[in-house]
Amino acid sequence: MPANLSQPIKWAVSAVVTAVALFGILTLRPGPAIEVADRVISVADTDAEMNAAIARARATLPVFWASYEAPKRTETEHALKVRFPSTGNDEHIWMSEVKKLPGGEYAARFGDTPRNLPGKRLGDLAAFKDADISDWMFMRNGKIVGGETIRPLLKSMPKADADALRARMEQP
């Protein structure tokens, strides 16, 4: 992707990575498989709905951390969506196997193949700071809890994919 792209295109890449990673996470669990084409959903950095979703996710991070620290038996698959700076394009991508590090940083594994982070691959370990977290989610009783930045993307997805994903969300 060219380095001179605007911030709206940067959000598009983030949206795709979110959608693809989420579908990957969901299809690993028992239940109906959800298939989706690997496609870009454009979201401008000035998009009020996406920015509000990020703000809601950031404001509710304590819900994630409470479950992460003491998950109930039905709460699994804790993941964070993290912003990684890249030449000309920041990338927001879901990260799994989250670990708290000494000094207030975190480490986790890429839940999808990064698009704009040369040399990084699905499953690679990466460190990040709290300020880089843009969303969170975990599964409870087979439903997605959190995932605020997913909601604005639903309207841009094929209806069948959006409906299947919506059905997997605790609060659609």
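Counting restarts for each chain: residues are numbered from 1 in the order of the written sequence. Per-residue local features are limited, in this predicted model, to residues with pLDDT of at least 70; the limit for side-chain atom pairs, both in listing and counting, is 80 or more; totals at the level of whole chains, interfaces and linings are taken over all residues. Values shown for side chains rest on all heavy atoms present in the structure; no hydrogens or waters enter the calculation.

### A short note on the overall build of the protein
Under the convention used in this document: Only DSSP runs of H or I with at least four residues qualify as helices, and only runs of E with at least two residues qualify as strands; both kinds are numbered from the N terminus onward. Throughout, exposure labels follow a simple rule: accessible area from a 1.4 Å probe, protein chains only, divided by the maximum for the residue type, with under 20% read as buried, over 50% as exposed, and the rest as partly exposed. Note on contacts: a residue pair qualifies if any of its non-hydrogen atoms lie within 4.5 Å across the two residues.
Helix and strand counts for the protein stand at 5 helices and 6 strands. Here the protein holds 172 residues, and the buried ones make up 46% of them. Sequence-distant contacts, at least 24 apart, represent 59% of the contacts inside the protein between residues at least 6 apart.

### Considerations on the pattern of salt bridges
To keep it simple, the criterion reads: Here, a salt bridge means any side-chain nitrogen of Lys or Arg that lies within 4 Å of a carboxyl oxygen of Asp or Glu.
Scanning all chains against the criterion turns up 11 salt bridges. The salt bridge partner of Glu148 is Arg56, with a shortest N-O separation of 2.9 Å. Of this pair, Glu148 sits in the loop between β6 (143–146) and α4 (151–154) while Arg56 sits in helix α2 (residues 48–59), and the two are 92 residues apart along the sequence. The exposure class of Glu148 is buried, given its relative accessible area of 14%. Arg83 is paired through a salt bridge with Asp132; the nearest N and O atoms lie 2.6 Å apart. Placement of the pair is Arg83 in strand β1 (residues 75–84) and Asp132 in the loop between β4 (125–128) and β5 (133–140), with a sequence separation of 49 residues. Owing to a relative accessible area of 25%, Arg83 belongs among the partly exposed residues under this scheme. Put simply, Arg56, Glu148 and Arg151 are held in one network by salt bridges that share partners.

### Observations concerning the pairing of β6
Where we set the bar: Strands are labelled as partners when DSSP assigns at least two bridges between them.
As paired strands, β5 and β6 are joined by 4 bridges and run antiparallel to one another. Residue Met139 lies in a different strand from β6, and its bridge partner there is Ile144. Hairpin geometry of β5 and β6 is characterised by an intervening segment of 2 residues between the two adjacent antiparallel strands and by a positive phi of about 55° at Asn141.

### A look at the packing of aromatic side chains
We apply this condition: Two aromatic rings from Phe, Tyr or Trp, using only the six-membered ring of Trp, form a pair when their centres are within 6.5 Å; if the ring planes differ by under 30 degrees the pair is stacked, by over 60 it is edge-to-face, and anything between is tilted. In this scheme, Lys NZ or Arg CZ marks a charge over a ring once it lies within 6 Å of the ring centre and within 35 degrees of the ring normal.
Taken as a whole and assessed by the stated rule, the structure comprises 9 aromatic pairs. Ring centres of Phe84 and Phe110 lie 5.3 Å apart, and the angle between their planes is 50°; on these two criteria the pair is classed as tilted. Of this pair, Phe84 sits in strand β1 while Phe110 is found in strand β3 (residues 106–110), placing the two residues 26 residues apart along the sequence. For the pair Phe84 and Phe110, one class covers both residues: buried. Consider the rings of Phe84 and Phe128, whose centres lie 6.4 Å apart with planes at 80°: the pair is edge-to-face. Within this pair, whereas Phe84 is found in strand β1, its partner Phe128 is found in strand β4, the two being separated by 44 residues in sequence. One exposure class covers both Phe84 and Phe128, and it is buried. Sitting above the plane of the Trp65 ring, Lys100 keeps its charged end 4.6 Å from the centroid.

What is shown is where atoms sit, not what they do.
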